[in-house]
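# An overview of the molecular structure
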Amino acid sequence: MDSHGVSWFRGPILGKGSFGSVFMATLKKPKFNTTLFPPVMAVKSAMVSSSASLQREKEILDDLRGCPFVLECFGEETTTRANGEMVYNLLIEYASGGTLGDIIDESKGCGLPEIAVRHYTRCILEGISHIHECGYVHCDLKPDNILLLPTEGGKFVVKIADLGLAKRSRQSKKQRVDCCMRGTPLYLAPETVVEHLQESPSDIWALGCVVLEMLTGRQAWDLNPNCSTQQLYVKIGSEKSIPEIPAWISEEGKDFLRKCFVRKPMFRFTAEMLLDNPFVHGVNEEIFRELKGEYCSSEENSSLSCGDYFYRSVGEVASGIQRRRRRSSVGSTVTVDEGKQ
């Protein structure tokens, strides 16, 4: 797309999706910035005629403002291409560290250090808790939709992104059944596959899949390369089937995953309950204070056991990532309308 904004230039493309494309954007006059925009942003763009999903995401991000673990939206703008076509643009934070999926790929099937997994999980849980408190269900929680952004302290924090498939949670049981399944098959909960129920507990099941993937470097479900989406649905829907939790994972990690992989959603732990779980409770308090404007002094920071090693290693990996993950068809986001199958 060749259109620029009023105060920003459209830069190189960062990725593509079903909604449109993502570009880097920079301010035209960063030294005389009178806008609320940062010097560098990401811009999600689509033709106005096919931008309903982006416009809906804008509304949702506006409702979710105030959480440092959900990607921030700076506004929207309509631009015009050289050929006269109108383009809708959603201006959001630029994730210079790439995605959590990129970091997992860099582990080459070995997984991430548990200290890193605990840190990321705590951040994700904070974001999920906020999303649920605001009355939404994400519906497509996966590593590729979790982004790494640097903080002012030179560290990295993960933020939940891509809320284009999010939905309002429903209180009445009679209204909970959807005609379609939103999200990515690999991360769908049993009740979503079997009963088409997709509420806040479904996000917790997906979180368990993400945490297991971080720890092991492999997808939660052990599938053969030729497994079809329908075969995956059969496996998820099986009454006694849950992703395998390796014996070498710490007891705290096992306990956390078991509370995510409860097949009956009514007994699955909530995000708020999981924040008190030993696996994440009290993890990396300094980064949470920093993001909330209460960053501790350097003397206080130096005594924290979280370790500069972790932040250095994350920064080294994140700064070198310029690619997106390649996944099989069962790992791609889909919206399945059962009436059209």
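Residues numbered from 1 in each chain as written. Predicted model: local features only at pLDDT ≥ 70, side-chain atom pairs only at ≥ 80, totals over all residues. Heavy atoms only, no water.

Per an unreviewed UniProt entry, the protein chain goes by the name Mitogen-activated protein kinase kinase kinase and belongs to Melia azedarach.

The residue Thr-192 is located in helix H4 (residues 190–195) in this model. Judged by relative accessible area, which is 2%, Thr-192 ranks as buried. Taking the C-alpha atoms as reference points, Thr-192 and Met-181, eleven residues apart in sequence, are found 6.8 Å from one another. For Thr-192, the contacting residues outside a window of four places in its chain are Met-181, Leu-197, Gln-198 and Ser-202. Within the structure, Thr-192 has its side chain in polar contact with the side chain of Ser-202 (distance 3.5 Å). (Helix = DSSP H or I, 4+ residues; strand = E, 2+ residues; numbered from the N terminus. Buried < 20%, exposed > 50% of the residue type's maximum accessible area, 1.4 Å probe, protein only. Contact = heavy atoms within 4.5 Å. Polar contact = N/O pair within 3.5 Å; in protein donor to acceptor, adjacent residues only side chain to side chain.)

Once that is clear, we can look at unusual backbone geometry. With a phi close to 75°, Cys-139 is a non-glycine residue in the positive phi region. Within the element layout of this structure, Cys-139 appears in the loop between strand S6 (136–137) and strand S7 (146–150). Even without being glycine, His-196 reaches a positive phi, approximately 60°. Considering the arrangement of structural elements, one finds His-196 in the loop between H4 and helix H5 (200–216). Residue classification places His-196 among the buried positions, given a relative accessible area of 15%.

A few words on the sheet that holds strand S4 (residues 73–80). Here we have five strands laid out as an open sheet, ordered S1-S2-S3-S5-S4, and antiparallel in their pairing. In this open sheet, the two strands that pair with only one neighbour each are strand S1 (8–17) and S4. When the angles between neighbouring strand axes are averaged without regard to direction, this sheet yields 30°. The sheet strands contacting helix H1 (residues 52–63) are strand S3 (40–47), S4 and strand S5 (86–92), and the helix crosses S5 at an angle near 30°. (Pairing = 2+ DSSP bridges. Axes fitted to C-alpha atoms, helices over the stretch in contact; angles between N-to-C directions.)

The subject of this paragraph is the packing of aromatic side chains. Counted according to the given criterion, the structure contains two aromatic pairs. Ring centres of Trp-205 and Phe-261 lie 5.0 Å apart, and the angle between their planes is 65°; this geometry places the pair in the edge-to-face category. In this pair, Trp-205 sits in helix H5 while Phe-261 sits in the loop between helix H7 (251–260) and helix H8 (271–274), placing the two residues 56 residues apart along the sequence. Relative to Phe-279, the ring of Phe-256 has its centre 5.3 Å away and its plane inclined at 40°; by these criteria the two rings are tilted. Of the two residues, Phe-256 sits in helix H7 while Phe-279 sits in the loop between H8 and helix H9 (285–291), which places them 23 residues apart along the sequence. Since its relative accessible area comes to 0%, Phe-256 is described here as buried. (Phe/Tyr/Trp six-rings, centres within 6.5 Å; stacked < 30°, edge-to-face > 60°.)

Within the largest apolar cluster, 74 residues are counted, with the highest numbers of intra-cluster contacts made by Tyr-120, Ile-124, Leu-207, Val-211, Met-214 and Phe-256. Val-211 has contacts with Val-117, Thr-121, Phe-256, Leu-257 and Phe-279, leaving out every residue within four places of it along the chain. The next biggest cluster of nonpolar side chains, apart from the first, holds eight residues, and it includes Ala-25, Phe-37, Met-41 and Phe-74. (Core = buried A, V, L, I, M, F, W, Y, C linked by side-chain atoms within 4.5 Å.)

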